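Secondary and tertiary structure notes
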Amino acid sequence: MDIDLMITSLPKLLNATLVTLKLLSASLFFGLFIGLFFAILRVAKNRFLNIFSYSFSYLFRGTPLLVQIFIIYFGLGQIDYLKTTFLWSILKEPYWCAIIAFSLNTGAYTSEILRSAFETIKKGYIEAGKSLGLKYSTIFYKIHIPIAVKQSLPAYGNEIILMMKGTSLASTVTLLDLTGVAKYIISTTFKPIEVFIVAGGIYLIMTFIFHNIIKYLEKKFSYQ
Amino acid sequence: MELLYFGDNGWGDELFIATLMTVAVSITAMFIGFIFALIFTPLKLSKFKLFNFIGNFYTTVIRGVPELLVIYLFFFGGSGAIMYVAQIFGYYDYIEINAFITGAFSIGVISGAYSTEVFRGAIQSIDKGQFEASKVLGLNKYIYFFKVIMPQMLRLALPNISNVWQITLKDTSLISVTGLVEIMRQSYIAAGSTREPLFFYSFAAVLYLFLTYISMKFLNRLEKNYSRGF
Amino acid sequence: MNIFKKTILTIFASLLLTTNVIADKVKIGTEGAYPPWNSKDSAGNLIGFEVDLANELCKIMGHECTIVEQDWDGMIPALLMRKFDAIMAGMSITAERQKVITFSQGYADEVAQLAVMKGSSLESMDTPSGINLSLGGSDVKKALKTLTSSLAGKTVCVQTATIHQNFLDSGDVGSVKVRTYKTQDEVNLDLTAGRCDAALAAAVAFTDYAEKSGEAVVLVGPTFSGGAFGNGVGVGIRQGGDDAIGTRDAKLLKDFNKAIDKARKQGIISKLAIKHFGFDASM
């Protein structure tokens, strides 16, 4: 064990953790909207929209994230037509490719979490809202959303942790996130075990923090 | 389409074998995971603090660190650790662990952490009154565990176990670092050699969808079978 | 006690489906993704200059050899872990690597060069045809200055853990944006996709790619040697030691050196180089 290497690589790895957190927050942000959009399509009363939404979620949940990120990065990079469109200015950057892949992936899982939350909302609540003469938008924001949030918090907390671990795949498309920098250090020191242990420790601490934040929120919401 | 021809000029046969490899390594990993779960679930449920700690340590660490890192650590550290143990027994030659075992084992350790959580949840949700009931009936511990707890646990755990299976199946895409030629590595090689990444990675996605679809059908049927009478 | 140990060991060994390497068998690690040095055909067989050369050297040494595939980024760690006994993977002899492993004498010269897509502004770079960083001098300084200003703000792609990465990281050409990839295949793909303004690798890696893919990849700037680029490509072997494994490794190094001498004298290396590279890269 090369303890010195572990200590000297720590600042570099902590710096890279910021990249990991940026990737994570951007992906969760976009993923939440994607998830909400597809969850609404899923509970809509149109069969075509239901199928469309289900296919999206099935596609992204049924294949490994690694395959998705490779298709988006290396696969789309192969299509010459794309390079003539404005899309290329986004797809050109590994950073955005990773965020697109992660957002779609977490969006698919989020849509399932929200759907099951929507489905548990009892018809009675909506009837009650209607009979009180509330507008549909008010029912949606004041009844649907709070109940859905409370219902989906535990599952969504899990999803945040899964996604945080998933961002490690950004290193496969040249990004220097926590795993990417760990690999970079190994490429000059040739000592994988030491560096991966430190990187793993940082991931573990992040998991711990997220886990506790979610727990705290769950408690808070359950007093409502 | 000629990219998928079988034989020396196409990648069809290679991808077919790689798909079988993915299935084989997933099943093995799942099985190894069950063994881990059988060891760690009792530890987590035990009354002893130390056992609790060991059980929690396993599930927390493995589920809190990216799969990719766990696999890297096993790949780079696994044979070193084994050789170290072997040296204690006076064996100095190189011990090679083949890529299949390394891969299945590292995925198995991950899968086991998830299975442990599922089994723990299932056992905890079994009605405590049954313990009293079997005591009254004079059943011994083993009969109680294997005839009363196990069947119920399996039924309760099955829906979640099929989730673990899906996770395990998809995680095998990460073991290409160990050199095992499964779907992902074969597609990677083919994409590099033919310069057709879009085609081969999309095809890999189709293969994974196919595998998740079939296994879902199978597990759903199993679930129905197990929940008969409920 | 001995029987007890043996039994445990046997169970242990059979459980893990282990095989042990007999002392005389040599395992050689290669990447299989760096054509024309080493690559794989569509049937999955390892091919290339170093695969042929490894077989020839083993014949001369009288060792039974197996060639195993290993991802480049884990090459040196895998050697240190004894997954194989020697590396033949287009690996240049550099001071940095010599800190952890040892090398045989060089068997081939790797000429590194920048590549761009046709039409790039870098094509007009005015530099000598080749520079040796170890020699230094005003020519080298001037060429590096030209490179620094031409590459400023540009993204240059390289394979990870290579001399090419080391060179760009060394600051000799200023602060370019370096992007590292797991394999040269990926570098080539992203160069053609337009994500890299330039790429740096063995010149033959690009000419081979341009020829096979029909893409308009062209070499620009000087060929590089010396300095961060090391002293040719050699066989990487663990540093010897006093124990049984260490003496075996030390002997293997001697064997390889002798075999390379012999192969060079018999013209085998030149012949294979011409076959795979199109010119004599032997040294």
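Note: the structure precedes this text.
Residues numbered from 1 in each chain as written. Chains lettered and ligands numbered in written order. Predicted model: local features only at pLDDT ≥ 70, side-chain atom pairs only at ≥ 80, totals over all residues. Heavy atoms only, no water.

Next up on the list: a nonpolar patch on the surface. All names here are of chain A. A cluster of nonpolar residues, Phe29, Phe30, Phe33, Phe86, Leu87, Ile90 and Trp96, forms a patch on the protein surface that exposes about 720 Å² of accessible area. Going through the elements one at a time, helix H1 (3–43) and helix H4 (87–91) are the ones with two or more residues in the nonpolar patch. Per-element accounting of the nonpolar patch gives the leading share, 3 residues, to H1. Inspection of the secondary structure assignment puts Ile90 in helix H4. By relative accessible area, which is 31% here, Ile90 ends up partly exposed. (Patch = residues over 30% accessible without salt bridge, like charges linked within 9 Å, V, L, I, M, F, W, Y side chains within 5 Å. Areas by Shrake-Rupley, 256 points an atom, 1.4 Å probe, with all protein chains shown as cover. Salt bridge = Lys/Arg side-chain N within 4 Å of Asp/Glu carboxyl O. Helix = DSSP H or I, 4+ residues; strand = E, 2+ residues; numbered from the N terminus. Buried < 20%, exposed > 50% of the residue type's maximum accessible area, 1.4 Å probe, protein only.)

Residue and element names in this part refer to chain A. Among the secondary structure elements, Glu112 is positioned in helix H5 (residues 94–120). Looking at Glu112, the relative accessible area reads 12%, which means it is buried. Here the side chain of Glu112 touches Arg42 through a polar contact of 2.7 Å, side chain to side chain. Contact partners of Glu112, with chain neighbours within four places excluded, come to Arg42, Ser57 and Arg61. (Polar contact = N/O pair within 3.5 Å; in protein donor to acceptor, adjacent residues only side chain to side chain. Contact = heavy atoms within 4.5 Å.)

Residue and element names in this part refer to chain B. Inspection of the secondary structure puts Ser215 in helix H8 (residues 197–226). Within the structure, Ser215 has its side chain in polar contact with the side chain of Trp165 (distance 3.0 Å). Discounting residues that sit within four places of it in the chain, Ser215 has contacts with Trp165, Gln166 and Leu169.

Looking now at the packing of helix H3 (residues 65–75) of chain A against H8 of chain B. H8 of chain B packs onto H3 of chain A with a crossing angle of 160° between their chain directions and a minimal axis gap of 9 Å. One element, H3 of chain A, and the other, H8 of chain B, form an angle in the roughly antiparallel class. H3 of chain A and H8 of chain B meet at a crossing whose hand is left-handed. On H8 of chain B, the residues that touch Val67, Phe70, Ile71, Phe74 and Gly75 of chain A of H3 of chain A are Pro197, Leu198, Tyr201, Ser202, Ala204, Ala205 and Tyr208 of chain B. Split into classes, the residues belonging to the contact of H3 of chain A with H8 of chain B amount to 10 nonpolar, 2 polar and no charged. (Axes fitted to C-alpha atoms, helices over the stretch in contact; angles between N-to-C directions. Parallel < 35°, antiparallel > 145°, perpendicular 65-115°, else oblique. Left-handed = near helix turned anticlockwise from the far one by under 90°. Nonpolar A, V, L, I, M, F, W, Y, C, P; charged D, E, K, R; others polar.)

Now for the interface of chain B and chain A. Between chain B and chain A, the residue contacts involve 34 residues of the former and 35 residues of the latter. Together, the buried faces of chain B and chain A total about 2800 Å²; carbon and sulfur atoms form 76% of this surface. Counting the contacts that link chain B with chain A gives 1 salt bridge. Between Lys165 of chain A and Glu67 of chain B there is a salt bridge whose closest N-O contact spans 3.5 Å. Where chain B packs against chain A, one counts 12 residue pairs in polar contact (both at pLDDT 80 or more). Counting only elements with at least two residues in the side of chain B that touches chain A, the list comes to helix H2 (49–64), helix H3 (67–88), helix H7 (183–194) and H8 of chain B. Per-element tally for the side of chain B that touches chain A: the top contributor is H8 of chain B, with 12 residues. For the side of chain B that touches chain A, a count of residues per class yields 23 nonpolar, 6 polar and 5 charged. (Buried area = accessible area lost by both parts, 1.4 Å probe.)

Working definition: the covalent bond between the sulfur atoms of two cysteines is a disulfide. Residues and elements named next belong to chain C. Applying the stated criterion across every chain yields a total of 2 disulfides over all chains. Residue Cys58 pairs covalently with Cys65 via a disulfide, S to S 1.9 Å. Residues Cys58 and Cys65 are joined by a disulfide whose S-S torsion is about -90°; by sign, that bridge is left-handed. With its sulfur 2.1 Å from that of its partner, Cys157 forms a disulfide with Cys196. Taking the sign of the S-S torsion, about -100° here, the bridge from Cys157 to Cys196 comes out left-handed. Highlighted residues: Cys157 in strand E10 (residues 155–159) and Cys196 in the loop between helix H7 (184–193) and strand E12 (198–202), separated in sequence by 39 residues. (Disulfide = S-S within 2.5 Å.)

All names here are of chain C. Taken in spatial order, the 5 strands line up as E5-E2-E6-E14-E7 in an open sheet, and their pairing is mixed. The two strands at the open ends of the sheet, each matched to only one other strand, are strand E5 (64–69) and strand E7 (101–108). With 2 bridges joining them, strand E6 (residues 86–87) and strand E14 (residues 233–238) adopt antiparallel strand pairing. Paired with Ile87 across the strands is Gly236, a residue of E14. (Pairing = 2+ DSSP bridges.)

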